[in-house]
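Below, each chain spelled out in residue letters.
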Amino acid sequence: ASLRRFAHYDYWDDKVRRALIFDAQADLLIYGMGERAIVEIADALNDGMDIHDITYIDGTVFKVKAPDENLSYLKLPSYPELQKSKRKYAESFYLQYQNTDPFSAKRLLEPYSDHEFVVQNPPQKPLSQQEMDAVYDLPYCRTYHPSYEALGGVPAISEIQFSLTSCRGCFGACNFCALTFHQGRIIQARSHESILREAKLLIKLPGFKGYIHDVGGPTANFRHPSCAKQLKYGVCKDRQCLFPKPCPNIDADHSDYIALLRKLRALPGVKKVFIRSGIRYDYLLADKKQEFLDELCRYHISGLLKVAPEHIAPQVLARMGKPGKEVYLKFMRMFTQKNKEIGLPQYLVPYFISSHPGCTLNNAIELAEFLRDIKHNPEQVQDFIPTPGSAATAMYYSGIDPESGETVFVARNPHDKAMQRALMQYRTPRNRKLVLEALQKAGRMDLVGSGHKCLLYTEQEQCGGVFWVLMLLAARNVMQRAVERVMQRAVPLQAVPVEKGVRISAADSNGGMR
């Protein structure tokens, strides 16, 4: 509901749908995390107020037949305009994005007709640490509803059952992520005491084996607002905290997070505390103390650390709102060096997205060459799927960057998307045909041949490789049959009593010793 509170592009229907409050036939929609809104609405209803009069609560959306003339609104393009003009859709999204901050947001009005309007009140203010603690100290059941048992349960519970939420919000503001529209860019964190209380509850749960699976949130290493002014003035409208490079005012400090992790590791019954939420490595590198990387590598990785550079082509990263390739390479070198120092065989698992708006076929080939150079073969590939509430989805539908107004290339055709996806796994035999087609289409047949820079071998070389594989398989089968014949001739050992220190041996039918 949070991400569908206004007219939105729906990928499955491939059209712009109305605000969800219409299709759901609801009177009131709560967006964001909603704790304060839920309590305020409950109090109002308890006092006898009509639901249609509860139009003053932050973090809510409602319908009206006519706007209140006593209130000020920022008017968005109407639903009929959005249906007709993709540029209007991009403009509407950007107006919404600029009004996601609870300290500066205006009340928004989206017309549907002359007598049908949707009104969004400004977002709920960030919870204080005491309020966050109160929310997470409630007596939750800590499992899925019993009704799911008949369906075999919920497998995902195994990942989150022994995990701890330490924060909410994210000032990373990636364009393919809708979190800004849901939790906002201002970090809200729980106290150490609250998290330790929950950890002690986990230790007592059946099935806990000493491993806390995660301590984090949308971004694990964010534990406080990115700068001091945010809790008074809100986030900047015209700049990001980390993109294209960290803001000079950013408070990059992991001290609080390190202290929390040390306390959790010291709890009786805890063997290991993992960090599996996303790590923003650009924020880690911005921390001048550089203590966190050592703690992370020594104590909080199970051998593999998942990070998300997402792409390496500059023009694609610009549309994603992600740092440049050189930032990832710097982190990769530091991570490798740190693990070499501490003597642990640990590795990075980078995540990449194919077919993101702005990514051309040549950009996808550039990413494939990067994967070749770092000798990484992704087991999983994430293909971009537009979901409501993200800037990337607005780009996908409109072909326009909402912020700059520039035209953006978008791979929408399923076959074009399949070629980009296949290039990320060019070593996989089933992808050979698609990869070859992509290289031919891009005029990059220099990447097909016998050189060490090639993504694909020629058919002859591939056949030669198959020949040697078949020869090795045949040799293995011959050896296996020979061993089976020897074992068939062998006489089973007989169990006999022996004195301590006596050496015995057994003979087969041919007198050979074994």
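Given the structure is predicted, the values throughout are model-derived calculations rather than measurements.

Focus: the sheet that holds strand S16 (residues 382–383)
The strand order across the open sheet built from three strands is S14-S15-S16, with neighbouring strands paired in parallel fashion. Edge positions in the sheet fall to strand S14 (304–310) and S16, since each of these pairs with one other strand and no more. As judged from the five bridges shared by S14 and strand S15 (residues 347–354), these two strands associate in the parallel manner. By the bridge assignment, Leu-304 is partnered in S15 with Tyr-347. Against the sheet, helix H17 (residues 414–424) contacts S15 and S16, and its axis sits at roughly 165° relative to S15.

A closer look at the confidence of the model for the chain
Across the chain, the average pLDDT comes to 91, with 89% of residues at or above 70. Segment residues 490–496 is flagged for pLDDT under 50; beyond a separation of four residues in sequence, or across chains, it makes eight contacts in the model. Contacts of residues 502–514 to residues separated by more than four positions or lying in other chains number 17 contacts, the stretch itself having pLDDT below 50.

Details of the pairing of strand S4 (residues 60–64)
Pairing of strand S3 (residues 28–30) with S4, which is carried by three bridges, proceeds in the antiparallel orientation. Bridging across to S4, Leu-28 finds its partner in Phe-62. With four bridges connecting them, S4 and strand S7 (residues 116–120) associate as antiparallel partners. Opposite Lys-63, over in S7, you have Val-118 as the bridge partner.

With respect to the nonpolar core
Ranked by size, the top nonpolar core spans 51 residues in total, and within it Tyr-89, Tyr-112, Val-118, Phe-176, Leu-423, Val-435 and Leu-439 carry the most contacts. Per-element accounting of this core gives the leading share, five residues, to helix H16 (residues 391–398). The residues touching Leu-423, leaving out its near neighbours within four places in the chain, are Leu-361, Ala-364, Ile-365, Ala-368, Val-435, Ala-438 and Leu-439. Ranked by size, the runner-up nonpolar core spans 41 residues in total, among them Val-215, Val-273, Leu-284 and Leu-305.

Some points on helix H18 (residues 432–442)
Looking only at H18, the buried set comprises Arg-432, Val-435, Ala-438 and Leu-439. When H18 is viewed along its axis, its buried side chains cluster within an angular range of 130° and face the same direction. Among the exposed residues of H18, those oriented more than 90 degrees off its buried face are Lys-433 and Lys-441. Backbone geometry just downstream of H18 places Gly-443 in the positive-phi region, at approximately 70°.

Comments concerning the pattern of salt bridges
Within this structure, the stated rule accounts for 28 salt bridges. In this structure, the salt-bridge partner of Arg-17 is Asp-23, at a minimum N-O distance of 2.9 Å. Residue classification places Arg-17 among the partly exposed residues on the basis of a relative accessible area of 26%. Residue Asp-23 is classed as partly exposed on the basis of its relative accessible area, which comes to 34%. Between Arg-276 and Glu-159 there is a salt bridge, with its nearest N and O atoms 3.4 Å apart. With Arg-276 in the loop between strand S13 (272–273) and helix H11 (281–286) and Glu-159 in helix H6 (residues 157–160), the pair connects residues that are 117 residues apart, well separated along the chain.

Side note on the layout of surface pockets
Its volume calculated, the largest pocket comes out at about 630 Å³. Together, 28 residues line the largest pocket, and Phe-176, Pro-218, Gly-278, Ala-308 and Glu-310 are the ones closest to its centre. Of all elements in the fold, only helix H7 (179–182), S14, S15 and S16 reach the threshold of two or more residues within the lining of the largest pocket. Its residues placed into classes, the lining of the largest pocket shows 15 nonpolar, seven polar and six charged.

Focus on empty space enclosed by the protein
This structure, assessed with the given rule, holds four cavities of 30 Å³ or more. If you add up the space inside the largest cavity, you get close to 260 Å³. If you go around the largest cavity, you meet 20 residues; those closest to its centre are Pro-123, Gln-124, His-182, Gln-183 and Gly-184. Element by element, the count of residues in the lining of the largest cavity is highest for H7, at three residues. Residue composition of the lining of the largest cavity, by class: seven nonpolar, eight polar and five charged. Empty space within the second largest cavity amounts to approximately 150 Å³. At the level of secondary structure, the elements contributing two or more residues to the lining of the second largest cavity comprise strand S1 (8–10) and helix H4 (86–97). Broken down by element, the lining of the second largest cavity gets its largest block of residues, four residues, from H4. Broken down by class, the residue content of the lining of the second largest cavity amounts to nine nonpolar, seven polar and one charged.

Criteria and thresholds
- Residues numbered from 1 in each chain as written.
- Predicted model: local features only at pLDDT ≥ 70, side-chain atom pairs only at ≥ 80, totals over all residues.
- Heavy atoms only, no water.
- Pairing = 2+ DSSP bridges.
- Helix = DSSP H or I, 4+ residues; strand = E, 2+ residues; numbered from the N terminus.
- Contact = heavy atoms within 4.5 Å.
- Axes fitted to C-alpha atoms, helices over the stretch in contact; angles between N-to-C directions.
- pLDDT = per-residue confidence, 0-100.
- Core = buried A, V, L, I, M, F, W, Y, C linked by side-chain atoms within 4.5 Å.
- Buried < 20%, exposed > 50% of the residue type's maximum accessible area, 1.4 Å probe, protein only.
- Arc of directions from axis to C-beta.
- Salt bridge = Lys/Arg side-chain N within 4 Å of Asp/Glu carboxyl O.
- 1 Å grid on protein atoms, 1.4 Å probe; cavity = no way out; pocket = protein on both sides within 12 Å on 5 of 7 lines; lining within 4 Å.
- Points joined across faces, edges and corners; volume = space filled by probe spheres on them.
- Nonpolar A, V, L, I, M, F, W, Y, C, P; charged D, E, K, R; others polar.

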